[in-house]
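Read off the chains here:
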Amino acid sequence: MKDSNQRLLLTVVLCMAVALVWSLVFQPKQQQQQRPATPPAAPQPSPGATPASPPTSAPAPGAPGGGSPRGTPAPRPPARTVSLDSDRLHVVVTSEGAALQSVQLKGEKFQRRKRGSSEVSQVDLVEPHPGLLLPLSTSLRDGAGAELVPADAGYELVRHDERSAVFRAVAGGVTVLKTFTLDPRLYRLDYGVEVRSETQLSGQLALISTGHGEAPTGGFFTGHSNTPARPICKAGGKLERLAVGDKHSAWDGPGPAAFAGIDEQYFIRAVVPPPESTATCHVEAKPDGALLATLTVPVSVPPGGTAAAPFVIYASPKDTDELGAVAAVLKDSVDLGFWSVIANVLLAVMKFFYRVVPLHNWGIAIILLTVTVKVLTFPLQHKSMKSMQEMQKLQPQIEELKKKYAGDQQRQNLEQMKLFKEHGVNPMGSCLPMIIQMPIWLALYTTLQVSVELYNSVFIPGWLDDLTAKDPYYVLPVAMGITMVLTQILTPTPMSNPQQKYMGYAMSVFFSFLMLNLPSGLTLYIFVNNVLSILQQMWLRRNMRPPPAGSQTLAVTPRRA
């Protein structure tokens, strides 16, 4: 009885440990978000405003009316917007700061449905917020830190067509030209900044990416929001993301910056500095939700000369192939966490099934992934089940040992281990299936949370419209719980204490509650795995069942008279 109670205690401790690990991995810490007063909104141009004709250029430096002291702004040109289109992106650029006003992804996959509404809109990676500069605003400063051309300067539209636009700002003896060119095939926007100066200029050009984030919310049994937007930067070989509410709200790169931008879980807006530049980066997540990622490059312009800084902008899904096609370093923005090796393998297998199976359905790909993992782990799981069957047969002998050595716990344990060894039984074999599956569950969860390939992936229309979201009707979690209980019933167990069996059933129900608000793709994997385990157990029970006595042929030696 003492040994049974020890097993019960061990079972409870293990279950609590699993629940704790699951909670720490899957549930973000709730943080209170401070909301200071919102600063006054900066004037935004009308989205539908388009120039009737290119405006007249401001007076050139040195011309009459153009010889104002350095840093004195020219009259502010009227606000204009330009639309750039490709097969993949619809980009709107405003002359207010010559910055991004909208970046919409085209295609049915990149649509968002508002909660409680049938209204559908395309994913837009720029959402202007009052008091925040627009993405790709730039600030030009001289060597002493004085601002020559501010980030919110008014630019005039010089020229534009379907895929490109040029803007110009003049302040004193400095002219800044910005050129936007949209790639027709890739999620790429080439962004060139050209600085002209009548006098010697040694300063810095800061390119600013902005966004808005929230602190993670949600409880243990309640759903939580997707990973909120975070500023991101890779510099000096180190990749850093900051979330609203983090202990350290700002970070400066320790070396040359490779890229910086705003990370939005399945999407990213990233800026790659000019090749071989000594760009530095600064990221910040303010308590009010304002996100900032700044790339700063040195600018040196000789008298009457020009300096150019060509940037590459990626604003779209975090697909490793698409990221690599624009800049190989951007693939580092896909964070699969501690289980990245397993997650990459799982994603590759699912991509393969998605491509080769005619229906091209990610739900079917997850089912086939489950079958594949089950086949590969079949020998180990089969051995584990056989070990449990043998332990069940040895239970009467174990009870006899307990009675025989009731007063000597150490001798009792030694004799039990000797008995297990003689019959080739592993007492820890029952834990093997969970040990095998747990890393796969964690890696698959991470894959569903990060890989844009699975974003908005439909399995059964009208029911499971997004495998990265929870089952809206909780059918899969309930079905998964039922299969877990059936697995407990069919699995042979050496436990003689009924309380231990009830603990197994209780943990199955507890696990089902835990899965209610987790991605339906993960629940689908566990459900299918349970069904396959039930079939495997039924097959094992049938094959290990001793033949009936009537079917045995006995050799009888005749007795001599």
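If you're wondering where the values come from, they're calculated on a predicted model, not measured in any experiment.

A. Focus on the packing of aromatic side chains. Following the criterion strictly, the structure yields 11 aromatic pairs and no others. Ring centres 4.8 Å apart and planes at 45 degrees place the aromatic pair Phe 180 and Tyr 191 in the tilted group. Here Tyr 191 lies in strand β11 (residues 188–197) and Phe 180 lies in strand β10 (residues 174–182), a separation of 11 residues in the sequence. Their ring planes at 90 degrees and their centres at 5.0 Å tell us that Phe 338 and Trp 339 sit as a pair that is edge-to-face. The class of Phe 338 is exposed, set by a relative accessible area of 73%.

B. Summary view of the sheet that holds β11. Across the sheet, 9 strands lie side by side as β8-β9-β10-β11-β20-β17-β16-β13-β14; this open sheet has antiparallel pairing. The outermost strands of the open sheet, each flanked by one partner alone, are β8 (156–160) and β14 (238–241). With direction set aside, neighbouring strand axes in the sheet form an average angle of 20 degrees. Bridge count for β10 against β11 is 9 bridges, and the pairing is antiparallel. Bridging from a neighbouring strand, Thr 179 pairs with Gly 192 of β11.

C. Highlighting the sheet that holds strand β1 (residues 81–85). The 3 strands lie next to each other as β1-β2-β3, forming an open sheet whose pairing is antiparallel. With partners counted over all chains shown, the strands left at the sheet margins are β1 and β3 (99–105), one partner each. Neighbour-to-neighbour, the strand axes of the sheet open up by a mean angle of 15 degrees, direction not taken into account. Here 6 bridges tie strand β2 (residues 89–94) to β3, and the two strands are oriented antiparallel to one another. Along β3, the bridge assignment pairs Leu 89 with Leu 105.

D. Examining the environment of Gly 337 more closely. You can see Gly 337 is positioned in the loop between α2 (320–326) and α3 (340–356). Remark: the alpha-carbon pair of Gly 337 and Ala 443, spanning 106 residues in sequence, is separated by 8.4 Å.

E. A look at the environment of Val 450. Note that Val 450 resides in helix α7 (residues 432–450). Given the relative accessible area of 11%, Val 450 is considered buried. Measuring from C-alpha to C-alpha, the distance between Val 450 and Thr 468 comes to 9.3 Å, with 18 residues separating the pair along the chain. Filtering out sequence-adjacent residues up to four positions away, Val 450 remains in contact with Gln 265, Tyr 266, Val 334, Asp 335 and Leu 336.

F. Spatial organisation of the nonpolar core. If you look at the biggest cluster of nonpolar residues, it comprises 113 residues, and the most contacted ones within it are Val 149 and Phe 311. No other element matches the 8 residues that α7 contributes to this core.

G. View of the pattern of salt bridges. The final tally for this structure, using the stated rule, is 14 salt bridges. A salt bridge links Arg 188 to Asp 190; the nearest nitrogen and oxygen atoms lie 2.9 Å apart. Of the residues examined, Asp 190 reaches a relative accessible area of 26% and is grouped as partly exposed. Here Arg 241 makes a salt bridge to Asp 263, at a shortest N to O gap of 2.6 Å. Placement of the pair is Arg 241 in strand β14 and Asp 263 in strand β16 (residues 257–264), with a sequence separation of 22 residues. Each of Arg 230, Arg 241, Asp 263, Lys 318 and Asp 335 takes part in salt bridges that share partners, so that together they form one network.

H. Expanded view of the side chain of Lys 178. Position of Lys 178 among the secondary structure elements: in strand β10. Here the side chain of Lys 178 touches Gly 97 through a polar contact of 2.9 Å, landing on its backbone oxygen. Apart from the residues lying within four places of it in its own chain, the contact partners of Lys 178 are Gly 97, Ala 98, Leu 136, Ser 137, Thr 138, Tyr 155, Ala 165, Val 166, Phe 167, Tyr 191, Gly 192 and Val 193.

I. Representation of the environment of Lys 234 in the model. Checked against the element boundaries, Lys 234 lands in strand β13 (residues 230–235). Lys 234 sits 19 residues away from Gly 253 along the chain, and the two C-alpha atoms are 7.2 Å apart. When near neighbours in sequence (up to four residues on either side) are disregarded, Lys 234 contacts Leu 239, Pro 256, Ala 257, Ala 258, Phe 259, Val 329 and Asp 332.

J. Focus on the side chain of Ser 86. Mapped onto the secondary structure, Ser 86 falls in the loop between β1 and β2. When its relative accessible area of 4% is taken as the criterion, Ser 86 is described as buried.

K. Structural detail: the packing of helix α5 (residues 395–404) against helix α6 (residues 409–422). The interhelical angle for the contact between α5 and α6, taken along N-to-C directions, is 160 degrees, at an axis separation of 9 Å. In terms of their interaxial angle, α5 and α6 are classed as roughly antiparallel. Our pair here, α5 against α6, has a crossing hand that is right-handed. Side by side, α5 and α6 meet where Gln 397, Ile 398, Leu 401 and Lys 402 of the first sit next to Gln 412, Glu 415, Gln 416, Leu 419 and Phe 420 of the second. Taken together, the residues of the contact of α5 with α6 sort by class into 4 nonpolar, 3 polar and 2 charged.

L. Fine view of the state of the cysteines. Going through the model one piece at a time under the given rule, you end up with 1 disulfide. The disulfide that involves Cys 233 links it to Cys 281, with 1.9 Å between the sulfurs. Its S-S torsion of approximately -95 degrees makes the covalent link between Cys 233 and Cys 281 left-handed. Here Cys 281 lies in strand β18 (residues 280–285) and Cys 233 lies in strand β13, a separation of 48 residues in the sequence. In this pair, the class of Cys 233 matches that of Cys 281, namely buried.

Definitions and limits used
- Residues numbered from 1 in each chain as written.
- Predicted model: local features only at pLDDT ≥ 70, side-chain atom pairs only at ≥ 80, totals over all residues.
- Heavy atoms only, no water.
- Phe/Tyr/Trp six-rings, centres within 6.5 Å; stacked < 30°, edge-to-face > 60°.
- Helix = DSSP H or I, 4+ residues; strand = E, 2+ residues; numbered from the N terminus.
- Buried < 20%, exposed > 50% of the residue type's maximum accessible area, 1.4 Å probe, protein only.
- Pairing = 2+ DSSP bridges.
- Axes fitted to C-alpha atoms, helices over the stretch in contact; angles between N-to-C directions.
- Contact = heavy atoms within 4.5 Å.
- Core = buried A, V, L, I, M, F, W, Y, C linked by side-chain atoms within 4.5 Å.
- Salt bridge = Lys/Arg side-chain N within 4 Å of Asp/Glu carboxyl O.
- Polar contact = N/O pair within 3.5 Å; in protein donor to acceptor, adjacent residues only side chain to side chain.
- Parallel < 35°, antiparallel > 145°, perpendicular 65-115°, else oblique.
- Left-handed = near helix turned anticlockwise from the far one by under 90°.
- Nonpolar A, V, L, I, M, F, W, Y, C, P; charged D, E, K, R; others polar.
- Disulfide = S-S within 2.5 Å.

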